[in-house]
Structure formats: structure tokens, C-alpha cells
Amino acid sequence: MKRLSSPSLRRIYEQTAYMANRRMRSYSIAVIITDVITALFILMLGWQAPVTVLALLPLVPSISIYKIVIAAQISGIAREIKSGEVQLYLAHTLTRVEYLLSTFLLAGITPALLLVSTCSVVIAIVAPNLLYTIGEYILYIFVDLLIFSAIVVLVASHGYEGTTIILGVFLGLFIWIATSILLFFYTYSGLSYTYSSNVSPLSPPLLYLVYLSFSICALLSPFTYRVLYIAYTQTYKPSPPPIPPPTPQTIMLLALLLTIALLGLALREIKVRDI
Amino acid sequence: MTMIEFREVSKRFGKVEALKNASFEIPENTVTAFLGPNGAGKTTSMKLIMGFLKPSKGAVLVWGEEPWRNESIRSRIGYLPEKPVYPMDLTVEDFLSHLAGLRRLGRADVERVSRLVGLEKLMDRKIRSLSRGYLQRVGIAQSLLGEPELLILDEPTANLDPAARREILDVLKVLHKELKVSMIISSHIIPELQELSNYAIFIDKGTVLDYGYLNDLWRKYSVETVFTIEATDIETVAKQLIEKPFVHAIKRVSSGTLEVSIDPSHFKVFEALLTEINHKIRRYEFKTANLGDLYEKIVKSKP
């Protein structure tokens with residue numbers, strides 16, 4: 001009888017490959033749709049630009065599509081826990097931690113790699129002059145998808161299948177809109193100091209609230225924030241806000257730390273929950 | 001040696017207490033019948049053994065370790081859940097191969113278990129196309145991967161028609177006979193476990209009523225024990241046996257066969273007597289008393 005060592009990379013790989021085979025169709029569709037969107041947007045809007053918002057924005061809908069696919073895939077954890085399917089895998093030496101990690105690997109990291117690699121190929125074909133400059137942003141896309149995956153994994157590990165999908169769709173579709181609006185308000189918040197408080201609605205307590213809100217939104221979508229930050233730095237501001245917004249690098253670092261923390265919480269939950 | 005031990009285990013799901021201070025032991029090399037009505041706590045107990053649930057109170061020990069903490073214990077156990085949920089989009093072979101892969105087993109092991117349960121001709125079929133009986137075989141096949149020391153089968157014949165139920169029981173009998181594997185089988189259909197088990201745990205409303213070797217339980221609850229004896233000279237054998245005070249009745253079932261009912265507390269004495277007169281006996285068989293009667297007596301004896 002073979003004994004089990006924990007966690008085993010081999011078992012994680014076996015489980016990930018098994019799940020990937022079953023979900024290949026949805027990934028293939030996502031890859032095709034997002035690549036077509038990216039190519040069309042770049043051809044129409046950004047092919048002549050150096051690195052600009054116009055060149056990067058086409059990636060936002062692609063990321064949204066991927067996020068919805070990721071949420072749908074990760075909600076499978078909740079479904080498999082509820083239905084008892086997970087028992088069949090756990091009964092065959094797979095540990096709870098390995099199960100969660102393999103799902104995260106499949107549904108979080110694999111799509112991130114897929115998006116980054118296919119987008120790079122598409123950009124290299126339709127606008128090769130962008131490839132070098134866009135390279136920096138690819139890391140942001142990767143972290144963006146990672147933190148998103150960690151959030152939905154945490155919710156799914158509690159067994160909430162529907163909530164996982166709803167939250168995933170909400171974050172996927174609306175987080176960049178929320179970040180844009182909040183950053184816009186913040187950009188012009190400094191006006192209240194220059195002129196009278198009647199000019200801008202943002203007085204200090206509200207100002208801090210907006211700062212906190214867009215920082216949270218930025219943490220949840222570092223790539224969107226990176227793109228918006230370009231816009232922020234290139235915008236004329238008669239009076240800059242009293243506290244400068246965090247740099248994208250800070251946000252990315254914090255997002256990575258938050259991803260690790262969320263994943264840790266999800267692992268803790270899956271280890272103690274009844275299956 | 002004790003294989004499984006429950007020490008005052010309670011398991012609560014919200015307001016429902018599925019198991020209440022349950023204590024019992026299961027020794028090695030037994031086929032244990034886990035008996036009780038629906039909702040008695042059988043599935044909860046099995047999941048506790050597998051480490052899928054954490055006891056709210058008390059300790060569950062499997063080979064001396066807590067399965068909840070030590071997940072490696074599961075590598076020694078084969079498990080068939082009560083309502084297994086299979087990946088319906090896969091073929092039987094792909095599904096079993098994946099589970100075998102997790103255990104570092106190869107194609108030969110998949111073929112072996114599929115032959116054992118009679119699935120070898122259906123390996124390329126999608127799981128969704130299988131009948132209930134064959135689905136249950138898939139469940140048993142997966143539980144046998146890796147030659148487990150213990151098989152835990154939760155209601156293996158539930159929702160099956162009588163023919164499929166018979167087939168599954170036959171498969172289990174063969175497995176026990178050929179592989180000598182310990183089993184814990186739960187069922188609320190008592191007679192079907194009688195053919196297989198030599199140990200039993202009786203449970204109702206989350207409380208363990210009694211447990212032990214069936215031979216001991218027959219005696220303890222004075223359930224009549226029946227032997228079938230094939231003798232060369234049944235007249236003489238019958239005369240010899242009827243003189244004994246612990247023999248309750250002798251019935252001639254065919255020209256060379258007797259059925260003898262005895263007081264269960266004299267089980268061993270009776271066996272010694274049969275050994276003494278073995279020159280007149282072709283063979284004898286301990287035909288167990290009715291497990292249903294035993295269950296009723298145990299339930300009635302508890303407040």
C-alpha cells in the first residue's frame with residue numbers, strides 16, 4: 001500500500017490535467033472570442049499609438065470575459081463539494097489542499113497564462129510596435145486575474161456556488177467602471193481646496209472615503225488601475241488632490257499580498273469544512 | 001487488533017445532532033454491517049471514518065490515527081459514497097484511469113478492478129449511458145483501486161431493483177472471498193447484510209444501540225442459532241443431539257440434512273460436539289439466526 005505525502009505536486013498535476021480536459025471547450029471559446037476582440041480593437045483604435053490608454057483598453061473586455069469564465073469554473077468547487085463529487089477524488093488520496101490548489105491552478109493561473117500568451121501573439125501580429133511597450137502591462141493582467149481568482153476561490157470554498165458566479169460577473173464587468181468613476185472624482189477633488197467647498201462635493205471625510213474606495217477597487221483590478229493611472233498622470237489638474245493616488249506598483253504588490261492572504265483563507269476553509 | 005474506534009463521538013449539523021456520544025470498535029478482518037433506519041447516523045459515521053467530517057465532540061480513530069487530521073489514512077481505504085456523483089461526461093475508463101493515476105496505479109489495475117466487478121466490456125461507454133446497477137459497479141470498481149485494506153460501502157444496493165441488488169451482493173461476496181478485505185457496509189435493508197457480515201453495529205437516531213461479533217450478539221440477545229447438518233446417518237445423529245438440553249429443535253429438511261436450533265450461548269459446546277461425532281457428519285454449516293430478529297430485540301431492549 002502506497003502512503004501519501006502531502007501536498008504532492010504530482011497529484012496536483014494529475015487533478016489539474018483531469019479538470020482541464022473536461023473544461024477545454026469553454027477555454028477554447030474564451031480564447032477565440034477575446035483574441036478577436038483584442039485584434040479588432042487594436043486595429044481600429046490603437047495600432048499607431050505608442051503605449052496609450054487606447055492601446056490598452058481593448059484588453060479590458062477580454063479580461064472581463066476571462067473573469068466570467070474563471071468564476072464559472074471556480075464555482076465548480078462549490079458544486080462538487082455540495083454534490084459530493086469531491087468525495088470520490090478525496091477518497092483516492094487527493095488531499096483537500098491539493099484539490100483546492102489544483103482548481104486554483106486550472107481556473108486561475110491557466111486562464112491568466114492563456115490570456116497573456118494569446119494576447120501577446122495577437123498584438124505581435126496586428127501591432128508589433130506595441131509588443132515591447134505593452135510587455136510591462138502583462139504582469140498587471142496576470143496579477144489582476146490572480147487576485148480575482150483568489151476572491152472567487154475563497155467564496156467557492158465556503159460552498160456558495162451562485163454567489164461565486166454573481167460576484168465573479170459583478171467584479172468582471174463592473175470593477176473597471178467603478179474604479180474609473182471613483183478615480184475621476186478623486187482626480188478633481190483637489191478643486192475644493194483651491195476654490196470654495198461649493199465647487200467640489202469632496203470635502204475631507206468624503207475625500208478619504210473616495211480614496212479608500214478607489215484604492216480597494218484598484219486592488220481588485222490592478223490592470224485597470226494601471227491603465228487609468230496613465231490617464232490620471234496625463235490629465236491636466238488645476239489643483240492636484242491632497243494625497244496623491246497610490247502608484248500602480250504599490251497596488252500590484254498589495255494585490256499580490258492580498259492574493260496570497262485570500263488563498264490562505266480559502267485553504268484554511270477547505271481544510272476545516274465538512275465535505 | 002482494533003481497526004476503527006469511536007470514542008464518545010457526537011456530530012452536529014446546525015440544530016440537528018446526527019450522532020450522539022457514539023462509542024464502538026471495529027476489529028480488523030471483519031465484515032461489519034452498519035444497521036439502522038434512514039437517518040440513523042450511518043452515513044455520518046462513515047464520513048467521519050473517511051475524515052470528510054470533523055467530530056463535534058469525541059474522537060474517531062482509524063488504525064490509531066484521526067482521519068480528520070491525517071488524510072493519508074484514506075490511501076488504505078476504498079470508499080463508495082451513498083449517492084455517488086460521477087462525472088457523466090467521461091467514459092468509465094477515463095474516470096477510473098484518473099482515480100488510478102491519483103494513486104500512482106496503472107492501466108493494469110484499472111483492468112483488474114473492472115474485471116472484478118464485471119465492467120470490462122463497458123469501459124469505453126460514457127458514464128451517463130450506464131444503468132443504475134452498472135453505475136453502482138463503477139462505484140465499487142473505484143473503491144477497489146489500490147487494493148484497499150478496508151472497504152467502506154454506504155448503502156451499496158440503495159435504489160437498485162432486486163436483480164441489480166442481487167448482482168451487487170454477489171460481487172461483494174466474491175470480493176470478500178477472493179480479496180479477504182475488511183468491509184463496513186451500511187444498509188437499512190437488514191436481510192441482505194446477513195449473508196455477508198460477521199460483525200454488526202446497530203444504530204438508531206444517532207445513538208449506537210449495541211455492537212459486536214454476530215455470534216456474541218445472537219447469544220447476548222438469545223436469538224436462536226440454527227445449524228444445517230448433512231449426516232451419513234441422520235437418525236442416529238438426531239437422537240444424539242436431541243438429548244442435549246441446549247438443543248431446542250431438530251427439523252429434517254431433506255433425506256440427508258437436518259436443521260438444528262440451539263441455545264446461542266452453547267454455540268461453542270455444540271460445535272465441539274459436532275467435532276466429536278464428525279465421522280457421522282458429512283458437513284455442517286452455521287446458518288445464522290435472523291439479523292432482523294436480532295435488530296428488533298436490540299431496539300426493544302433499549303429504553
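Reading the values: the criteria
- Residues numbered from 1 in each chain as written.
- Chains lettered and ligands numbered in written order.
- Predicted model: local features only at pLDDT ≥ 70, side-chain atom pairs only at ≥ 80, totals over all residues.
- Heavy atoms only, no water.
- Helix = DSSP H or I, 4+ residues; strand = E, 2+ residues; numbered from the N terminus.
- Buried < 20%, exposed > 50% of the residue type's maximum accessible area, 1.4 Å probe, protein only.
- Areas by Shrake-Rupley, 256 points an atom, 1.4 Å probe, with all protein chains shown as cover.
- Pairing = 2+ DSSP bridges.
- Axes fitted to C-alpha atoms, helices over the stretch in contact; angles between N-to-C directions.
- Polar contact = N/O pair within 3.5 Å; in protein donor to acceptor, adjacent residues only side chain to side chain.
- Contact = heavy atoms within 4.5 Å.
- Salt bridge = Lys/Arg side-chain N within 4 Å of Asp/Glu carboxyl O.
- Nonpolar A, V, L, I, M, F, W, Y, C, P; charged D, E, K, R; others polar.
- Phe/Tyr/Trp six-rings, centres within 6.5 Å; stacked < 30°, edge-to-face > 60°.
- Lys NZ or Arg CZ within 6 Å of the ring centre and 35° of its normal.
- Core = buried A, V, L, I, M, F, W, Y, C linked by side-chain atoms within 4.5 Å.
- Domains from an automatic or database assignment.
- Parallel < 35°, antiparallel > 145°, perpendicular 65-115°, else oblique.
- Arc of directions from axis to C-beta.
- Buried area = accessible area lost by both parts, 1.4 Å probe.

**Structural notes on the overall build of chain A**
- The helix and strand inventory of chain A stands at 11 helices and zero strands.
- Relative to its 275 residues, chain A shows a buried fraction of 54%.
- Within the structure as shown, chain A displays about 11900 Å² of accessible surface, and the carbon and sulfur contribution to it stands at 73%.

**Section: the sheet that holds strand β9 (residues 207-213) of chain B**
All names here are of chain B.
- The strand order across the open sheet built from six strands is β5-β6-β7-β3-β8-β9, with neighbouring strands paired in mixed fashion. Where the open sheet ends on each side, the last strands, each with one partner, are β5 (77-80) and β9. Across the sheet, the mean angle from the axis of one strand to that of its neighbour is 10°, orientation sign disregarded.

**Details of the side chain of Ser10(B)**
Residue and element names in this part refer to chain B.
- One can find Ser 10 in strand β1 (residues 2-13).
- Classification of Ser 10 as buried rests on a relative accessible area of 5%.
- Within the structure, Ser 10 has its side chain in polar contact with the backbone nitrogen of Asn 21 (distance 3.0 Å).
- Ignoring sequence-local partners within four residues, the contact set of Ser 10 consists of Glu 17, Leu 19, Lys 20, Asn 21, Pro 55, Ser 56 and Lys 57.

**Re the interface of chain B and chain A**
- Every contact between the two is made by 37 residues of chain B and, on the other side, 27 residues of chain A.
- Among the salt bridges present, the one from Lys11(B) reaches Asp274(A), with a minimum N-O distance of 2.7 Å.
- Linking chain B with chain A are 16 residue pairs in polar contact (both at pLDDT 80 or more), by the criterion used here.
- Mapped onto the side of chain B that touches chain A, the elements with two or more residues apiece are β1, α1 (42-50), β5 and α2 (92-102) of chain B.
- A per-element tally of the side of chain B that touches chain A places α2(B) first, with five residues.
- For the side of chain B that touches chain A, the class distribution of residues is 18 nonpolar, seven polar and 12 charged.

**Considering the packing of aromatic side chains**
- Under the counting rule described, the total for this entry stands at 16 aromatic pairs over all chains.
- Ring geometry for Phe202(B) against Tyr295(B): centres 5.8 Å apart, planes inclined by 40°, an arrangement best described as tilted. Of the two residues, Phe202(B) sits in strand β8 (residues 199-204) while Tyr295(B) sits in helix α10 (residues 291-301), which places them 93 residues apart along the sequence.
- Linked through ring pairs, Tyr211(A), Phe214(A), Tyr225(A), Tyr229(A) and Tyr232(A) together constitute an aromatic cluster.
- Positioned above the aromatic ring of Trp63(B) is the side chain of Arg76(B), whose terminal nitrogen or guanidinium carbon lies 3.9 Å from the ring centre.

**Brief notes about the nonpolar core**
- Formed by 155 residues in total, the largest nonpolar core has its most connected members in Ile4(B), Phe6(B), Phe95(B), Phe202(B) and Leu294(B).
- Ranked by residue count, the leading element in this core is helix α6 (residues 128-157) of chain A, at 14 residues.
- Lining this core are residues from two domains, each supplying at least three of them: domain 1 (2-213) and domain 2 (221-301) of chain B.
- With residues near it in sequence (within four places) discarded, Ile4(B) still touches Phe24(B), Glu25(B), Ile26(B), Ile49(B), Leu61(B), Val62(B), Leu150(B) and Ile184(B).
- Counting 18 residues, the second-largest nonpolar core is a separate cluster that includes Phe227(B), Ile234(B), Val260(B) and Ile277(B).

**As for the pattern of salt bridges**
Residues and elements named next belong to chain B.
- Across all of its chains, the model carries 21 salt bridges over all chains by this definition.
- Between Arg 74 and Glu 71 there is a salt bridge whose closest N-O contact spans 2.5 Å.
- On the basis of relative accessibility, which here comes to 12%, the residue Glu 71 falls in the buried class.
- The residue Arg 76 makes a salt bridge to Glu 149 at a minimum N-O spacing of 2.9 Å. Taken together, the positions of Arg 76 in the loop between β4 (57-62) and β5 and Glu 149 in the loop between α4 (132-144) and β6 (150-154) put the pair 73 residues apart, joining distant regions of the chain.

**Re the packing of helix α10 (residues 222-234) of chain A against helix α11 (residues 248-272) of chain A**
Residues and elements named next belong to chain A.
- Running from amino to carboxyl end, α10 crosses α11 at an angle of 175°, the nearest separation of the two axes being 9 Å. Classified by the angle their axes make, α10 and α11 are roughly antiparallel. Facing α10, whose interface residues are Pro 222, Tyr 225, Arg 226 and Tyr 229, α11 presents Pro 248, Ile 251 and Ala 255.
- Of the residues in the contact of α10 with α11, the class split is six nonpolar, no polar and one charged.

**Regarding helix α9 (residues 267-276) of chain B**
Residues and elements named next belong to chain B.
- Among the residues of α9, those classed as buried are Phe 267, Phe 270, Leu 273 and Leu 274. The buried residues of α9 all sit within an arc of 125° when viewed along its axis, so they share a single face. Counted as exposed and oriented over 90 degrees from the buried face of α9: Lys 268 and Glu 276.
- Where α9 is buried, its residues touch α7 (214-220), β10 (225-231), α8 (234-242), β11 (247-254), β12 (257-262) and β13 (281-287).

**Topic: the domain arrangement of chain B**
Residue and element names in this part refer to chain B.
- As assigned here, chain B comprises domain 1 (2-213) and domain 2 (221-301).
- Using only C-alpha atoms to locate each centre, domain 1 and domain 2 end up separated by 33 Å.
- At the interface, 12 residues of domain 1 touch 10 residues of domain 2.
- Between domain 1 and domain 2, roughly 860 Å² of surface is buried when both sides are summed, and carbon and sulfur atoms account for 70% of that area.
- Applying the counting rule to domain 1 against domain 2 returns zero salt bridges.
- In this assembly, domain 1 and domain 2 are joined by one residue pair in polar contact (both at pLDDT 80 or more).
- Those elements giving two or more residues to the side of domain 1 that touches domain 2 turn out to be α6 (190-194), β8 and β9.
- Residues belonging to the side of domain 1 that touches domain 2 are distributed by class as follows: seven nonpolar, three polar and two charged.

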